[in-house]
Every structure is written in C-alpha cells, then in structure tokens.
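Analysis of the macromolecular model
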Amino acid sequence: MNYPKLIAPDNIRKEAEMAMSFYPELAHTEVEFKYNDMVRKNFMQAQPKWTSLLKSRKERAYIVLISKKFKVEDKYFTIDEVPNDVLIGWLGHELGHVMDYRSRSTISMLIFGLKYLYSPSHIKEVERTADDYAVKHGMGNYILKTKDFILNNTSLSDSYKDHMRKFYLSPEEITELINRYGTTGKKPTMKEMS
Ligand SMILES: [Zn+2]
C-alpha cells in the first residue's frame, strides 16, 4: 500500500509507512513527519497543522515533529540510536494522538492545546488515549518495545524515566490493554473509516 498523503524524511519513510499501515482510517489524511532542529524535551510531538484547522475536519492535516537528537539533561540522544521496532512504536503512539485529534472539533482542539500546557492530569489522560488507540490498532507489541527501550535504556537519565513513569502508561498497563484488545487489535468500523 502506498500513502499519497504521507510525508516523511527518506531515512524513516519505511518505519512511518509501517506505523501508518495499522491505521487504515488515516489513509486519506495528510500526515507529515518532520525533523525539527529545536532540541526539545519530547522526542516527538504530534499536532494539527494550524492553518488546516480553518478547513473542514475531513481536510485537516497533521504534523509530527521529530527531534533528530534530543537532550535529556546534559546527554544527547539521536534517532540513529533507536532500533526500528522502537521507532515504529514511537511513530504509532504519535499516530494515536492524530486519531484523538481527528475526533475533536476545532474549538475542542484549541482548548486541548491549552490544557496540555497547564494540566498534568490532562497530559496523563491524553497520553493514555494515544496508547489506547495504538494498542487497539494492533500495535501493542511495538508500544511495549518502545516503553522497554525508554525505561530500561541506561543512557537515559533517571529524571527522564521518572517523567515517563509519571505521565505515560507503564508496560503493565500496556499489557492490560493488549489483553483487552488482543495483539492484532480490533478492526475499525465503517463509521470510523469515514
Ligand atoms: Zn504522546
């Protein structure tokens, strides 16, 4: 399958297509994966393309910003150090955010953006929703690999890992979701496809 509306740098195109393949609902949605020079605390960040919020919800486009390297305290971490499956899981998590945004009205998106900045409990809920979408779409094993990579990677700092533990689902919680949805996930309904 090819994805005419998928935009991705060549060196992660394969992984991006793989992650997209779990989300047939997004086949006609513009999703751009883009490197961002700014080194940020989050390795990746999904958001709507702001100008597309003026269009109808169906025509909305999304962008996933990716740090080529990201800084955790004084250490730098680069995308080349991330194994393929972990990267696919990471991209799949971001597409989970896209699925969440897709279900929201423009006004709700704007309120959402503000809440994300200021409310820790909201962040937690949003991150849970993204993982829930990913596992529901059959990406459970990829998501587990990503969690494992983050939590058991010795070169990531304890404070980063604590941040991940505080705001993101634990491997045990992911396993619970896998038990609920199965490793292949649930097929989307016709309504969800439209
Ligand atoms: Zn997230």
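Residues numbered from 1 in each chain as written. Predicted model: local features only at pLDDT ≥ 70, side-chain atom pairs only at ≥ 80, totals over all residues.

1. Structural notes on the overall build of the chain
Quick reminder of the rule: The helix count covers DSSP runs of H or I at least four residues long, the strand count covers runs of E at least two residues long, and both are numbered beginning at the N terminus. C-alpha atoms define the radius of gyration in this analysis, and the globule rule sets the expected value at 2.2 Å times the number of residues to the power 0.38. Once C-beta atoms are placed from the backbone, each residue is buried if 20 or more other C-beta atoms lie within 10 Å of its own, exposed if 12 or fewer, and partly exposed for counts between those two.
Summing up its helical and strand segments, the chain has eight helices and six strands in all. Going residue by residue from the N terminus, the α and β elements of the chain occur as β-α-β-β-β-β-β-α-α-α-α-α-α-α. Computed over the C-alpha atoms, the radius of gyration of the chain is 16 Å, within 12% of the 16 Å expected from 2.2 N^0.38 for a compact globule of 194 residues. Each of the three principal axes of the chain carries a C-alpha extent, and together these read 45 × 35 × 35 Å. Out of the 194 residues belonging to the chain, those deemed buried represent 29%.

2. A look at the sheet that holds strand S2 (residues 30-36)
Condition: When DSSP finds two or more bridges between a pair of strands, those strands are recorded as paired.
Pairing is mixed across the open sheet formed by four strands, whose spatial order is S1-S2-S4-S3. Because the sheet does not close on itself, it has two edges, and the strands there are strand S1 (6-7) and strand S3 (44-48). The sheet contact formed by S1 and S2 spans two bridges and is parallel. Across the sheet, Leu6 pairs through a bridge with Val31, a residue of S2.

3. A closer look at the nonpolar core
Put simply, the test is: In this usage, the nonpolar core is the set of buried Ala, Val, Leu, Ile, Met, Phe, Trp, Tyr and Cys residues whose C-beta atoms join them within 7 Å. Placing C-beta atoms from the backbone, we regard two residues as in contact once those atoms come within 7 Å.
Counting 35 residues, the largest nonpolar core has Ala16, Ala19, Tyr62, Val64, Leu91, Leu95 and Val98 as its most contacted members. Mapped onto this core, the elements with two or more residues apiece are helix H1 (10-20), S2, strand S4 (61-67), helix H2 (84-102), helix H4 (120-136), helix H5 (140-151) and helix H7 (171-181). When residues of this core are assigned to their parent elements, the largest contribution, nine residues, is made by H2. Contact partners of Ala19, with chain neighbours within four places excluded, come to Ile88, Leu91, Gly92 and Leu95.

4. Comments concerning the packing of H4 against H7
Between two packed helices, the angle of one axis relative to the other and the distance separating the axes together describe the packing. Threshold: To obtain an axis, a line is fitted to C-alpha atoms, over the contacting stretch when the element is a helix, and the angle between two such axes runs from 0 to 180 degrees between their N-to-C directions. Any angle from 65 to 115 degrees is called roughly perpendicular, while one under 35 is roughly parallel, one over 145 is roughly antiparallel, and all others are oblique. Take the far helix as your reference; a near helix turned counterclockwise from it by less than a right angle gives a left-handed crossing, and one turned clockwise gives a right-handed crossing. Polarity classes work like this: nonpolar for Ala, Val, Leu, Ile, Met, Phe, Trp, Tyr, Cys and Pro, charged for Asp, Glu, Lys and Arg, and polar for all others, with Gly in that last group.
At their nearest, the axes of H4 and H7 sit 9 Å apart, and the two run at 40 degrees to each other. In terms of orientation, H4 lies oblique with respect to H7. Remark: the crossing between H4 and H7 carries right-handed chirality. Judged by residue contacts, Asp131, Asp132, Val135 and Lys136 of H4 engage Ile174, Leu177, Ile178 and Tyr181 from H7. Of the residues in the contact of H4 with H7, the class split is five nonpolar, no polar and three charged.

5. Describing the packing of H5 against H7
Packing of H5 against H7 brings their axes to within 10 Å, and their N-to-C directions diverge by 175 degrees. For the element pair H5 / H7, the angle class is roughly antiparallel. Here H5 contributes Gly140, Ile143, Leu144, Lys147 and Asp148 to the contact with H7, which in turn contributes Pro171, Ile174, Leu177 and Ile178. Across the contact of H5 with H7, the residue classes tally to six nonpolar, one polar and two charged.

6. Re the pairing of S4
Summarising burial for S4: five of the seven residues are buried, a large majority. Two elements, S2 and S4, share seven bridges in a ladder whose sense is parallel. Bridging across to S4, Glu32 finds its partner in Ile63. Where S3 meets S4, five bridges bridge the pair, whose relative direction is antiparallel. The residue bridging Met44 from the neighbouring strand is Ile66, located in S4.

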